[in-house]
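# Structural overview for review
Residues per chain, in single letters:
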Amino acid sequence: MKTRALNLLPPATIAVVVAFWMLAPKAWVNNPLSLVIAGCVTLAFVQALEWVHERHVTWRLTWREFFTDLFYVILGYTVINWLSTHLAEDPLTALKAALHISTPWAEHLPFLVQAALVIVLIEFGQYWMHRLMHNFTPFWMTHAPHHHITQLNAMKGAVGNPIELFLISLSVVALFDFSLPAVFCGVHVLSTVSIYAHANVRSDPPRWYAFFFTTIRNHSLHHSVPLEDTRSNYANSLILIDRIFGTFKDGEGVVVGQDERKRLSIWDQTVFPFMPLIKMIKARRDQSAAA
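Here's what I pulled together on the structure shown here. Treat the numbers as computed from the prediction; the structure is a model and nothing was measured.

### Considerations on the overall build of the protein
Helix and strand counts for the protein stand at 16 helices and zero strands. Expected size for 291 residues packed as a compact globule is a radius of gyration near 19 Å; at 20 Å, the protein falls within 12% of this value. Here the protein, with 291 residues, has 47% of them falling under the buried criterion. Carbon and sulfur atoms provide 69% of the accessible area of the protein, an area that totals close to 14,900 Å². If you average the places of the 22 positive and of the 20 negative side-chain charges in the protein, the two averages end up 4 Å apart.

And the structure:
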């Protein structure tokens with residue numbers, strides 16, 4: 001009974017999320033702070049599940065991992081959110097106004113349809129950005145730190161190089177006139193799926209859920225050590241996109257990480273994309289010193 005209940009938790013949580021954004025008071029669902037609070041509550045809930053029914057002992061959360069993950073969650077809600085708003089969404093909104101782009105029909109669609117479109121638009125962009133990061137070296141250098149994590153936990157989806165975190169946050173949703181609660185709902189659903197897909201929770205959702213949404217089973221395979229496994233299951237939340245474009249691979253990973261599973265510190269992750277340049281400069285200085 002306990003196992004069955006835990007297997008149903010991911011779809012049940014999404015149902016609660018959708019119900020909240022549909023039924024909560026307007027003052028709540030139109031306030032951006034509500035998205036932050038709701039997201040943190042969801043994250044805390046799933047994180048607590050790791051201590052109730054963990055998936056792998058080797059992924060058990062340590063204090064070092066906890067505070068590192070927490071740092072990145074705070075970074076995402078503050079710095080990355082600010083950069084995304086001011087360097088992407090605001091310019092896109094200004095471009096939309098300059099080109100007289102208007103989509104009033106979007107706001108008049110049923111709430112669930114609006115939220116579904118937000119999910120597809122964001123996830124479709126993230127899928128191709130993620131796939132680019134795995135197949136083009138300059139972008140891989142920004143994304144590789146995320147694959148240096150040696151265990152999966154609820155907050156691990158927020159861990160990564162700041163450049164990658166900014167790039168993966170980009171979307172074209174600002175070009176559409178969706179209602180604010182529908183946008184928040186779509187973002188919260190994607191976040192919830194991603195949290196479960198990174199969490200050390202022994203929960204295997206029903207097949208119908210796993211057909212559409214990313215689960216820890218298939219996402220852990222994406223984090224596996226073999227390079228060929230990392231080039232599959234790119235969708236952060238909507239695994240259906242991988243099925244459509246032929247990049248889906250069934251399976252589960254237990255041993256995760258890259259480069260002999262070397263764990264990177266926060267500083268290491270920050271400077272990782274610049275390491276080839278740093279090494280080149282250092283080599284030239286050494287040559288000059290030797291000469």
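### Regarding the pattern of salt bridges
In the structure shown here, the tally under the stated rule is nine salt bridges. Across the pair E54 and R60 runs a salt bridge whose closest N-O atoms are separated by 2.4 Å. With a shortest N-O distance of 2.7 Å, R55 and E252 are connected by a salt bridge. In this pair, R55 is assigned in the loop between α4 (32-50) and α5 (63-98) and E252 in the loop between α14 (240-245) and α15 (266-271), connecting sequence segments 197 residues apart.

### Focus: the environment of G76
Structurally, the position occupied by G76 is in helix α5. Counting along the chain gives 127 residues from G76 to S203, while the straight-line C-alpha distance between them is 26 Å.

### Section: the nonpolar core
Judged by nonpolar contacts, the single largest core of 30 residues is most densely connected at W21, C185 and V189. Mapped by element, the contributors of at least two residues to this core are α2 (9-23), α4, α7 (111-135) and α10 (180-198). Of all the elements, α10 adds the most residues to this core, at seven residues. L6, L61, M155 and I195 belong to the second-largest nonpolar core, a separate cluster that totals 14 residues.

### Concerning a nonpolar patch on the surface
A cluster of nonpolar side chains, namely V120, F124, W128, I244 and F245, defines an oily patch on the protein surface of about 470 Å² accessible area. Elements represented by at least two residues in the nonpolar patch include exactly α7 and α14. With respect to the element layout, F245 can be found in helix α14. The class for F245 is partly exposed, based on a relative accessible area of 35%.

### Some thoughts on α10
Spanning 19 residues, α10 covers 27 Å between terminal C-alpha atoms, matching the ideal 27 Å at 1.5 Å per step. In terms of residue burial, α10 counts as a mostly covered element, since 16 of its 19 residues are buried.

### A short note on the packing of α7 against α10
Between α7 and α10, the least distance of the axes is 8 Å, while the angle of their chain directions is 55°. Of the possible angle classes, the one that applies to α7 and α10 is oblique. When the axes of α7 and α10 are compared, the crossing they make is right-handed. Listed contacts from α10 to F111, Q114, A115, V118, I119, I122 and E123 of α7 are P181, A182, V183, C185, G186, V187, V189 and L190. Considered class by class, the residues forming the contact of α7 with α10 number twelve nonpolar, two polar and one charged.

### Section: unusual backbone geometry
Here D259, not a glycine, exhibits a phi torsion of approximately 50°, which is positive. With respect to the helices and strands, D259 occurs in the loop between α14 and α15. Classification of D259 by relative accessible area gives exposed; the value is 52%. Unusually for a residue other than glycine, R261 sits at a positive phi of about 55°. As for its placement among the helices and strands, R261 is situated in the loop between α14 and α15.

### Quick notes on the state of the cysteines
Considering all chains together, one arrives at zero disulfides under this definition. C185 supplies the cysteine sulfur nearest to C40, a cysteine that is in no disulfide, at a spacing of 17 Å.

### A word on the environment of A44
Position of A44 among the secondary structure elements: in helix α4. Separated by 111 residues in sequence, A44 and M155 place their C-alpha atoms 9.1 Å apart.

The rules behind each value
- Residues numbered from 1 in each chain as written.
- Predicted model: local features only at pLDDT ≥ 70, side-chain atom pairs only at ≥ 80, totals over all residues.
- Heavy atoms only, no water.
- Helix = DSSP H or I, 4+ residues; strand = E, 2+ residues; numbered from the N terminus.
- Rg over C-alpha atoms; globule rule 2.2 N^0.38 Å.
- Buried < 20%, exposed > 50% of the residue type's maximum accessible area, 1.4 Å probe, protein only.
- Areas by Shrake-Rupley, 256 points an atom, 1.4 Å probe, with all protein chains shown as cover.
- Lys, Arg positive; Asp, Glu negative; His and termini not counted.
- Charge placed at Lys NZ, Arg CZ, Asp CG, Glu CD.
- Salt bridge = Lys/Arg side-chain N within 4 Å of Asp/Glu carboxyl O.
- Core = buried A, V, L, I, M, F, W, Y, C linked by side-chain atoms within 4.5 Å.
- Patch = residues over 30% accessible without salt bridge, like charges linked within 9 Å, V, L, I, M, F, W, Y side chains within 5 Å.
- Expected span 1.5 Å × (residues − 1).
- Axes fitted to C-alpha atoms, helices over the stretch in contact; angles between N-to-C directions.
- Parallel < 35°, antiparallel > 145°, perpendicular 65-115°, else oblique.
- Left-handed = near helix turned anticlockwise from the far one by under 90°.
- Contact = heavy atoms within 4.5 Å.
- Nonpolar A, V, L, I, M, F, W, Y, C, P; charged D, E, K, R; others polar.
- Disulfide = S-S within 2.5 Å.

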